Amino acid sequence: MKRVNISTKNMGQFAGKWVAIDPVKDTIIAAANTLKEIEPFITRSANDSRPSGTTPAAFKVPYKDEGPYVLVFK
Amino acid sequence: MKKLSPTVFLYQKDAKGNSFPIIPITLELSGKKDFWALIDSGATVSIFKAEVAETLGISIENGKEIWLGGVGGHIKGYLHQVKIEAAGEKFVCPVVFSREYFVSFNLLGRQEFFKRFKIVFEEEKNRLRLE
């Protein structure tokens, strides 16, 4: 796991990685090969009343050769 | 990823510059964990990656077995009821976790999630509104 401070405009350099994104600063704050490694950045207690979208959240950056998508499931 | 207001979200670009309607959500079990997920009207039900269930402490195979059909064939998953918070709304949503789902995006499908919001895709402005 690597702590970083990089704008989401540069998301491409993390293709295939799990990243934690601070939605307030619009920056990537951590990157790793697995979700488990960035879990501490996206975990809060049940009593934390901050709304979603105000705290860091996990995102799997698509691989460069992934897509275009037809994401239909029934 | 930048959020404009509690219910307006800018599309996110991937490594190739393609834009996607992705929003931040909170999933709650014993604690809260935050993820980004893509809003997908083509998905009947929400589908999340297996790693998400594991980090929430959910035993995937304890859910109801379900087969999902898509353009490329069928995948097996397990249906769970998960507490979700999105754009200020809290509700329980059916979510399928699958070890056979390899797309990078977690998907927010129509069941329950689409009943909670009026969803407006503003493609020209590259943004999404939840009302």
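Residues numbered from 1 in each chain as written. Chains lettered and ligands numbered in written order. Predicted model: local features only at pLDDT ≥ 70, side-chain atom pairs only at ≥ 80, totals over all residues. Heavy atoms only, no water.

**Student:** What am I meant to see in the overall build of chain A here?
**Tutor:** In terms of helices and strands, chain A carries one helix and five strands. When the helices and strands of chain A are read in sequence order from the N terminus, they spell out β-β-β-α-β-β. Based on the C-alpha atoms only, the size of chain A along its principal axes is roughly 40 × 35 × 20 Å. Burial analysis of chain A (74 residues in total) assigns 53% to the buried set. Sequence separation of at least 24 residues holds for 46% of the intrachain contacts in chain A that already meet a minimum separation of 6. Total accessible area on chain A stands at roughly 3,900 Å², and carbon and sulfur atoms take up 52% of it. Distance between charge centres in chain A, computed from 11 positive and 7 negative side chains, equals 2 Å. (Helix = DSSP H or I, 4+ residues; strand = E, 2+ residues; numbered from the N terminus. Buried < 20%, exposed > 50% of the residue type's maximum accessible area, 1.4 Å probe, protein only. Contact = heavy atoms within 4.5 Å. Areas by Shrake-Rupley, 256 points an atom, 1.4 Å probe, with all protein chains shown as cover. Lys, Arg positive; Asp, Glu negative; His and termini not counted. Charge placed at Lys NZ, Arg CZ, Asp CG, Glu CD.)

**Student:** Teacher, can you tell me more about helix α1 (residues 35-42) of chain A here?
**Tutor:** Since the α-helix packs 3.6 residues into each turn, any two residues three or four apart lie on the same face. All names here are of chain A. Considered for burial, the residues of α1 that qualify are Leu35, Ile38, Glu39, Phe41 and Ile42. Looking straight down α1, one finds that the buried residues subtend no more than 165 degrees of arc, so they occupy a single side. For α1, exposure combined with an orientation more than 90 degrees from the buried face picks out Lys36 and Pro40. (Arc of directions from axis to C-beta.)

**Student:** Quick question: what am I supposed to make of the UniProt feature "domain: Peptidase A2" (unreviewed entry) in chain B here?
**Tutor:** Within this numbering scheme, the UniProt entry marks residues 35-112 of chain B as carrying the feature "domain: Peptidase A2" (unreviewed entry). Across residues 35-112 of chain B, helical content stands at 9% and strand content at 54%; the span's end C-alpha atoms are separated by 18 Å. (UniProt positions renumbered as here; feature names shortened; annotations may be inferred.)

**Student:** Whenever I open this one, the side chain of B:His80 confuses me. Can you help?
**Tutor:** Residues and elements named next belong to chain B. With respect to the secondary-structure elements, His80 resides in strand β9 (residues 73-86). The exposure class of His80 is buried, given its relative accessible area of 12%. Within polar-contact distance, the side chain of His80 engages the backbone oxygen of Ile60 at 2.8 Å. (Polar contact = N/O pair within 3.5 Å; in protein donor to acceptor, adjacent residues only side chain to side chain.)

**Student:** Would you mind showing me how to read unusual backbone geometry here?
**Tutor:** Trans peptide bonds make up the majority, and among non-glycine residues the majority have a negative phi. Residue and element names in this part refer to chain B. Even without being a glycine, Ala87 presents a positive backbone phi close to 50 degrees. Within the element layout of this structure, Ala87 appears in the loop between β9 and β10 (89-98). Unlike most non-glycine residues, Asn126 shows phi in positive territory, near 55 degrees. Mapped onto the elements of the fold, Asn126 is located in the loop between β12 (119-122) and β13 (127-130).

**Student:** It is not clear to me how the side chain of B:Ser104 should be interpreted in this structure. Could you clarify?
**Tutor:** Take B:Ser104: it is sitting in the loop between β10 and β11 (107-108). Looking at B:Ser104, the relative accessible area reads 2%, which means it is buried. In terms of polar contacts, B:Ser104 uses its side chain to reach the side chain of A:Glu66, at 2.8 Å.

**Student:** I'm lost on the packing of aromatic side chains in this one. Help?
**Tutor:** Centre-to-centre distance and the angle between the planes together describe a pair of aromatic rings. The full count for this structure, using the stated rule, is seven aromatic pairs over all chains. Ring plane angle 40 degrees and centroid distance 6.1 Å describe the contact between A:Phe59 and B:Phe105, whose orientation is recorded as tilted. Separated into two different chains, A:Phe59 in strand β5 (residues 57-60) and B:Phe105 in the loop between β10 and β11 make up a pair that spans both. Take A:Phe59: its relative accessible area is 4%, and that puts it in the buried class. On the basis of an interplanar angle of 45 degrees and a centroid distance of 5.1 Å, the ring pair of B:Phe113 and B:Phe117 is categorised as tilted. Counting every residue linked through ring pairs, the aromatic cluster contains B:Phe91, B:Phe113, B:Phe114 and B:Phe117. (Phe/Tyr/Trp six-rings, centres within 6.5 Å; stacked < 30°, edge-to-face > 60°.)

**Student:** Before we go on, may I ask you to explain the interface of chain B and chain A in this structure?
**Tutor:** Note: interface size is frequently given as the accessible area lost on complex formation between the parts. Facing 45 residues of chain B, the contacting portion of chain A comprises 41 residues. Contact with chain A buries area across many residues of chain B, yet B:Lys32, B:Asp34 and B:Trp36 alone supply 19% of it, more than any other trio. Our count for the chain B to chain A interface comes out at two salt bridges. The residue A:Arg44 makes a salt bridge to B:Asp34 at a minimum N-O spacing of 2.9 Å. Applying the counting criterion to the chain B and chain A interface returns 14 residue pairs in polar contact (both at pLDDT 80 or more). If you list the elements that add at least two residues to the side of chain B that touches chain A, you get β3 (12-13), β5 (22-28), β6 (32-39), β7 (46-49), α1 (50-56), β8 (64-70) and β9 of chain B. Considering every element that reaches the side of chain B that touches chain A, the biggest residue donor is β6(B), with six residues. Along the lines of polarity and charge, the residues of the side of chain B that touches chain A split into 22 nonpolar, 10 polar and 13 charged. Note that strand β4 (residues 43-44) of chain A and β6(B) share two bridges and pair antiparallel. Within β6(B), the position partnered with A:Thr43 by the bridge is B:Lys33. (Buried area = accessible area lost by both parts, 1.4 Å probe. Salt bridge = Lys/Arg side-chain N within 4 Å of Asp/Glu carboxyl O. Nonpolar A, V, L, I, M, F, W, Y, C, P; charged D, E, K, R; others polar. Pairing = 2+ DSSP bridges.)

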